[in-house]
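Remarks on the overall topology
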Amino acid sequence: MKVDGQNIRPIWLDSDLKKVKVIDQRLLPHEFLVADLKTVDDVIRAIKEMVVRGAPLIGVTAAYGVYLAALNSPTDPVEDAYLIEECIRLKSARPTAVNLAWAVDEILSEMLKVGDASEKVDAARKEAEKIAEAEAENCRRIGAHGFSLIDKISRSKKGKTVNLLTHCNAGWLACIEYGTATAPIYAAFDNGIDIHVWVDETRPLNQGARLTAWELGKYGIKHTIITDNAGGHLMQHDMVDMVIVGTDRTTFTGDVANKIGTYLKALAAKDNNIPFYVALPSSTFDWKLRDGVRDIPIETRNPDEVRYVQGLDRGDIRHVLITPADSPAQNFAFDVTPSRLITGFITERGVCRASEKEILRLFPEKKKS
Ligand code: MRU
């Protein structure tokens with residue numbers, strides 16, 4: 001995506017083919033820093049500490065992690081047993097986004113097929129690049145399919161501003177290009193639709209206030225940051241026409257894990273008869289899990305992310321304590337919105353209702369015989 005006139009992605013392979021470059025998302029919007037990942041340990045740390053984040057980007061970063069594993073192999077040629085061990089380590093970096101395991105398994109299975117061990121490094125690089133390009137294209141298509149939904153609302157409002165609400169950051173920073181939830185928003189804006197986005201701040205790490213607001217601002221899209229608890233009030237007062245969010249893992253039956261607080265937005269949307277859409281590429285479907293509330297693993301993170309807030313103070317990024325020093329806190333990173341609260345999914349293959357039948361209609365190859 002273009003930032004200040006320059007095309008940029010959140011991840012790319014350096015021209016020396018030895019390091020992976022990523023935008024350090026912990027520092028945005030105050031500082032734009034590019035970090036180098038040179039080893040599998042660097043990649044695991046970057047995913048855990050959320051230098052990179054967002055389901056599709058976690059997957060692509062891990063895919064490059066497999067490439068780095070092959071590149072830095074202690075043996076020449078690369079041995080399969082070593083690769084498998086490194087893949088297990090990569091997959092354990094964060095538990096909820098299914099894209100992580102999906103991308104690692106995709107690349108590993110391609111590498112295991114390569115008979116000549118000396119060609120494995122090349123094969124890994126090509127596969128990681130292929131996954132990155134495919135995710136960018138998926139998001140472009142999600143934008144095209146989601147556009148028609150926004151266009152319909154705009155027509156029914158006779159061109160008056162369409163107000164969208166989103167939670168967390170499911171933008172290009174979390175993907176490769178366009179984003180998932182934001183792809184239809186960019187497409188609508190590019191097609192001249194008058195839109196405005198309510199951006200949930202998304203405590204505790206403020207991915208909405210920091211990242212989504214930054215992305216939309218750089219693109220010139222009208223937006224307003226709101227507290228996480230404001231959405232219900234706005235919905236009761238006809239100030240939201242549609243909610244679009246991303247997801248970290250969606251069961252093939254339509255239950256959606258996404259950033260903590262998404263479930264409450266879906267409840268409020270249902271109560272106010274407001275369409276609630278989830279945008280996702282096929283890499284975010286979990287084709288094995290049936291019951292999302294019961295079975296999707298929910299990450300719990302360091303309570304200090306709740307107890308402290310990061311911000312800019314006289315030019316320096318600082319963390320400040322906002323709770324009593326000895327009060328305990330808990331940090332549930334995701335929740336699950338059951339399919340019954342979801343109006344539909346926007347995927348690279350089109351829009352469908354949130355049911356097993358409809359999902360499998362779009363992805364018939366996933367039907368179990
Ligand atoms: O903890 P994060 O910032 O990785 O959580 C990200 C989200 O919840 C996103 O909405 C989700 O990964 C979809 S990104 C297209």
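Okay, so let's go over this structure. (Residues numbered from 1 in each chain as written. Predicted model: local features only at pLDDT ≥ 70, side-chain atom pairs only at ≥ 80, totals over all residues. Heavy atoms only, no water.)

This next bit is on the overall build of the chain. What the chain contains, in helices and strands, is twelve helices and 18 strands. Its C-alpha atoms give the chain a radius of gyration of 20 Å, near enough to 21 Å, the size a compact globule of 369 residues would have. Dimensions of the chain, computed from C-alpha atoms along their principal axes, come out at roughly 65 × 55 × 45 Å. For the chain, buried positions account for 56% of its 369 residues. Sequence separation of 24 or more characterises 74% of the internal contacts of the chain that already satisfy a separation of 6 or more. Of the roughly 16,100 Å² of accessible surface on the chain, a fraction of 50% belongs to carbon and sulfur atoms. (Helix = DSSP H or I, 4+ residues; strand = E, 2+ residues; numbered from the N terminus. Rg over C-alpha atoms; globule rule 2.2 N^0.38 Å. Buried < 20%, exposed > 50% of the residue type's maximum accessible area, 1.4 Å probe, protein only. Contact = heavy atoms within 4.5 Å. Areas by Shrake-Rupley, 256 points an atom, 1.4 Å probe, with all protein chains shown as cover.)

Most peptide bonds are trans, and most residues other than glycine sit at a negative phi. For the bond from Leu28 to Pro29, the omega torsion is 5°, close enough to zero to count as cis. As for its placement among the helices and strands, Pro29 is situated in the loop between strand S4 (20–23) and strand S5 (34–37). Look at the link from Arg203 to Pro204: it is a cis peptide, with omega at 10°. Inspection of the secondary structure assignment puts Pro204 in the loop between strand S7 (195–200) and helix H7 (207–219).

Quick look at helix H3 (residues 80–91) now. Taking 1.5 Å per residue as the helical rise, H3 with its twelve residues ought to reach 16 Å, and the 16 Å between its terminal C-alpha atoms agrees with that figure. Along H3, the residues that are buried comprise Tyr82, Leu83, Glu86, Cys87 and Leu90. One side of H3 carries all its buried residues, which in axial view fall inside an arc of 135°. Packing partners of the buried residues in H3 comprise helix H1 (40–48), helix H2 (55–71), helix H4 (98–113) and helix H5 (120–156). (Expected span 1.5 Å × (residues − 1). Arc of directions from axis to C-beta.)

Relative to the elements of secondary structure, Arg125 occurs in helix H5. Apart from residues lying up to four places away in sequence, Arg125 is in contact with Leu13, Leu17 and Tyr67.

Attention now goes to the site of the ligand. If you check the shell around the ligand, you find 18 residues, and the closest are Arg53, Arg94, Gln207, Asn258 and Lys259. Asp248 is positioned such that a nitrogen or oxygen atom in its side chain is 3.0 Å from an oxygen atom of the ligand. Protein chains shield 100% of the accessible area of the ligand, which is 420 Å² for the free molecule. Placement of the ligand is best described as lying within the largest cavity. (Near = heavy atom within 4 Å. Polar contact = N/O pair within 3.5 Å; in protein donor to acceptor, adjacent residues only side chain to side chain. 1 Å grid on protein atoms, 1.4 Å probe; cavity = no way out; pocket = protein on both sides within 12 Å on 5 of 7 lines; lining within 4 Å. Sits in = over half its atoms within 2 Å of the grid points.)

Pairing is mixed in the open sheet, where seven strands are placed in the order S8-S7-S6-S9-S12-S17-S18. Taken across any chain shown, the strands that pair with only one partner, and hence form the sheet edges, are strand S8 (222–226) and strand S18 (350–352). The sheet shows a mean angle of 25° between the axes of neighbouring strands, direction not considered. Sheet topology note: the S7/S8 ladder contains five bridges and is parallel. Counterpart to Val199 in the pairing with S8 is Ile225. Packing against the sheet, helix H9 (residues 262–271) makes contact with strand S6 (162–166), S7, strand S9 (242–245) and strand S12 (276–279), and its axis sits at approximately 145° to S12. (Pairing = 2+ DSSP bridges. Axes fitted to C-alpha atoms, helices over the stretch in contact; angles between N-to-C directions.)

Our focus in this paragraph is the layout of surface pockets. In this model, the largest pocket occupies a volume close to 420 Å³. If you trace the largest pocket, you find 18 residues lining it, with Arg26, Leu205, Glu305, Gln310 and His319 closest to the centre. Mapped onto the lining of the largest pocket, the elements with two or more residues apiece are H7, helix H11 (304–307) and strand S14 (308–313). Looking at which element gives the most residues to the lining of the largest pocket, the answer is S14, with three residues. Here the lining of the largest pocket is composed, by residue class, of five nonpolar, five polar and eight charged. Of the domains in this structure, domain 1 (2–134) and domain 2 (145–366) are the two that each give at least three residues to the lining of the largest pocket. (Points joined across faces, edges and corners; volume = space filled by probe spheres on them. Nonpolar A, V, L, I, M, F, W, Y, C, P; charged D, E, K, R; others polar. Domains from an automatic or database assignment.)

This brings us to the pattern of salt bridges. Under the definition given, this model contains 36 salt bridges. One salt bridge connects Lys218 with Asp4, and the closest N-O pair in it is separated by 3.2 Å. Here Lys218 is found in helix H7, whereas its partner Asp4 is found in the loop between strand S1 (2–3) and strand S2 (6–7), with 214 residues between them in sequence. On the basis of relative accessibility, which here comes to 36%, the residue Lys218 falls in the partly exposed class. In this structure, Lys120 engages Asp80 in a salt bridge whose closest nitrogen and oxygen atoms are separated by 3.1 Å. Of this pair, Lys120 sits in helix H5 while Asp80 sits in helix H3; the two residues are 40 residues apart in sequence, bridging distant segments of the chain. (Salt bridge = Lys/Arg side-chain N within 4 Å of Asp/Glu carboxyl O.)

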